[in-house]
Amino acid sequence: MTSRGVAIDLPSYADVERAAARLEGVAHRTPVLTSHTADARTGAGLFFKCENLQRAGAFKFRGAYNAVRALVPEQRKRGVVTFSSGNHAQALALACRLQQTTATIVMPKDAPATKVQATMGYGGEIVFYDRYTEDREAIACDLATRRGLAIIPPFDHHDVIAGQGTAAKELLEEAGPLDVLVTPLGGGGLLSGSVLSARALAPHCEVWGVEPEAGDDARQSLQKGEIVTIPPPRSIADGAIVTHIGERPFAVLRRENVQTAVASDAELFAALRFFAERMKIVVEPTGCLGLAAVLNGSIPVQGKRVGIVLSGGNVDTASLAKFLA
Ligand SMILES: *Cc1c(COP(=O)(O)O)cnc(C)c1O
């Protein structure tokens, strides 16, 4: 049941397996890295799932590709629309190009040029709106009706969640049974998909989601037992600043007793620098949430085998230089 009392169809691990079959040979099976320094610092065995090296630079490609692939052929041919301007937009544009259809992306007029260019580079069609006077979801709905497009939102969607769960599935297959699994938490698509894989492949594994400290709406929602909406939070973790978690993710996280933690911007910068200096990898601030929460001590990991999903690597070089300075 949703907060409005309507029954919704929640994805299961069978849906994650179906998504994995669709993604075979299309998505990268990203590497799992380890670090003696990180292990020494935390007293744990850490396994980093590198979705910063995924196609289009983030795990979002998994859910987007799966959702487009799951459409009936006539619908797939007509195309899809979304209202997210972040990594989901680029992922959806690429997923559509690979499946010979079109992605229409509703983006604010003042979106960063790099994001606009990246989305157009993957063949996405952009419809601009004024974020101070217009409602992006209404615009997407209107385009969907007029052009016969399917709406594929960034996290509150059955096939998007199932696709996101394939990263944790691969991690558990490669690292073996884990005691703890940690992922970033924004709208909850990644975390809810991940917990489906964890329950199937490592039933005793604790599952944690990490939010930016400034926007702990999911923690509040799980505590209260209903979805809480907060004002737009300010954090460097731009991939996880949502005002509320999705209904489907919320239902899954609640049912599966998922725990949450938070990390501050300063802790995210420290983790980002650790990845660059020690592990020689570029992880965007949002992708650093998991390690930041393990290093700040809010997730107990001593003596445990811990999987951490590095969710993305999309950060422009000017910002990266500033973060590293
Ligand atoms: C979208 C995104 C997240 C958050 O994922 P949700 O499914 O919204 O919880 C985390 N990290 C990166 C890099 C993202 O792009």
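Structure first, text after, so check above.
Owing to the predicted nature of the structure, the values given are computational and were not obtained by experimental measurement. (Residues numbered from 1 in each chain as written. Predicted model: local features only at pLDDT ≥ 70, side-chain atom pairs only at ≥ 80, totals over all residues. Heavy atoms only, no water.)

**Q** Would you mind going over the site of the ligand with me for this structure?
**A** The ligand sits among 16 residues. The nearest are Lys60, Asn87, Gly186, Gly188 and Ser311. One of the backbone N or O atoms of Gly187 is found 2.8 Å from an oxygen atom in the ligand. Its residues assigned to classes, the shell around the ligand comprises five nonpolar, nine polar and two charged. (Near = heavy atom within 4 Å. Polar contact = N/O pair within 3.5 Å; in protein donor to acceptor, adjacent residues only side chain to side chain. Nonpolar A, V, L, I, M, F, W, Y, C, P; charged D, E, K, R; others polar.)

**Q** Where do I start with unusual backbone geometry in this structure?
**A** Most of the time, phi is negative for any residue but glycine, and the peptide bond is trans. Phi at Gln100 is positive, roughly 50 degrees, even though this residue is not glycine. The topology assignment puts Gln100 in the loop between α5 (87-98) and β4 (103-108). Judged by its relative accessible area of 68%, Gln100 is exposed. The phi torsion at Lys280 lies on the positive side, around 60 degrees, for a residue other than glycine. Of note, Lys280 is situated in the loop between α12 (265-279) and α13 (289-295). (Helix = DSSP H or I, 4+ residues; strand = E, 2+ residues; numbered from the N terminus. Buried < 20%, exposed > 50% of the residue type's maximum accessible area, 1.4 Å probe, protein only.)

**Q** What is the right way to read the sheet that holds strand β1 (residues 32-33) from this model?
**A** In a beta sheet, neighbouring strands are held together by backbone hydrogen bonds and run either parallel or antiparallel to one another. Strand order in this open sheet of six strands is β1-β2-β10-β7-β8-β9, and the pairing throughout is mixed. Looking at the sheet topology across the chains shown, the edges are occupied by β1 and β9 (259-263). Strand direction decides the pairing type here: strand β8 (residues 206-212) and β9, joined by five bridges, are parallel. Within the sheet, the bridge partner assigned to Trp208 lies in β9 and is Gln259. (Pairing = 2+ DSSP bridges.)

**Q** What am I meant to see in helix α8 (residues 158-175) here?
**A** Residues separated by three or four positions in an α-helix point in the same direction, a consequence of the helix having 3.6 residues per turn. For α8, spanning 18 residues, the distance from its first C-alpha to its last is 27 Å, which sits close to the expected 26 Å at 1.5 Å a residue. Within α8, 16 of the 18 residues are buried, which leaves it mostly tucked inside the rest of the structure. Positive backbone phi, approximately 80 degrees, marks Gly176, located one or two places after α8. (Expected span 1.5 Å × (residues − 1).)

**Q** Sorry, what's going on with the packing of aromatic side chains here?
**A** Given two aromatic rings, one states the distance between the centres and the angle between the planes to describe the pair. On inspection of all chains with the given rule, the structure shows four aromatic pairs. Ring geometry for Phe61 versus Tyr65: centroids 5.6 Å apart, planes at 45 degrees, classification tilted. Residue Phe61 and its partner Tyr65 are located together in helix α3 (residues 60-69), separated by four residues, close to a single helical turn. Pair check on accessibility: Phe61 and Tyr65 agree, each one buried. Taken together through their ring pairs, the aromatic side chains of Phe48, Phe274 and Phe275 make up a single cluster. (Phe/Tyr/Trp six-rings, centres within 6.5 Å; stacked < 30°, edge-to-face > 60°.)

**Q** What's the story with the nonpolar core in this structure? I'm lost.
**A** Within soluble globular proteins, side chains that are nonpolar tend to cluster in buried spots. Judged by nonpolar contacts, the single largest core of 35 residues is most densely connected at Phe48, Val182, Phe275, Ile299 and Ile308. Contributions of two or more residues to this core are made by β2 (45-50), β7 (180-184), β8, β9, α12, α13, β10 (305-310) and α14 (317-324). For this core, the element with the most residues is α12, which contributes six residues. In contact with Val182, other than residues within four places in its own chain, are Trp208, Val210, Gly290, Val294, Ile299, Val306, Gly307, Ile308 and Val309. Grouped together as the second largest cluster of nonpolar side chains are 28 residues, Val16, Leu185, Ala202 and Leu253 included. (Core = buried A, V, L, I, M, F, W, Y, C linked by side-chain atoms within 4.5 Å. Contact = heavy atoms within 4.5 Å.)

**Q** What's the story with the environment of Thr101 in this structure? I'm lost.
**A** With respect to the helices and strands, the residue Thr101 is situated in the loop between α5 and β4. The buried category is assigned to Thr101, whose relative accessible area is 11%. Beyond its immediate chain neighbours, meaning those up to four positions away, Thr101 contacts Val68, Arg76, Lys77, Arg78, Gly79 and Cys96. Separated by 2.5 Å, the side chain of Thr101 and the backbone oxygen of Arg76 make a polar contact. There is a polar contact of 3.5 Å between the side chain of Thr101 and the backbone nitrogen of Gly79.

**Q** Looking at this model, I keep getting lost on helix α7 (residues 136-147). Mind explaining?
**A** Look at α7: 16 Å from first C-alpha to last across 12 residues, which is about the 16 Å you get at 1.5 Å a residue. Listing the buried residues of α7 in full gives Ile139, Ala140, Leu143 and Ala144. Buried positions in α7, seen along its axis, are confined to an arc of 140 degrees and lie on one side of it. Turned more than 90 degrees off the buried face of α7, the exposed positions are Thr145 and Arg146. Of the surrounding secondary structure, the elements contacted by the buried residues of α7 are β3 (80-82), β4, β5 (125-129) and β6 (150-151). Between the side-chain oxygen at the start of α7 and the backbone nitrogen of Glu137 there is a gap of 3.0 Å, and the oxygen is on Asp135. (Arc of directions from axis to C-beta.)

Remember that the coordinates give geometry; whether it matters functionally is a separate question.
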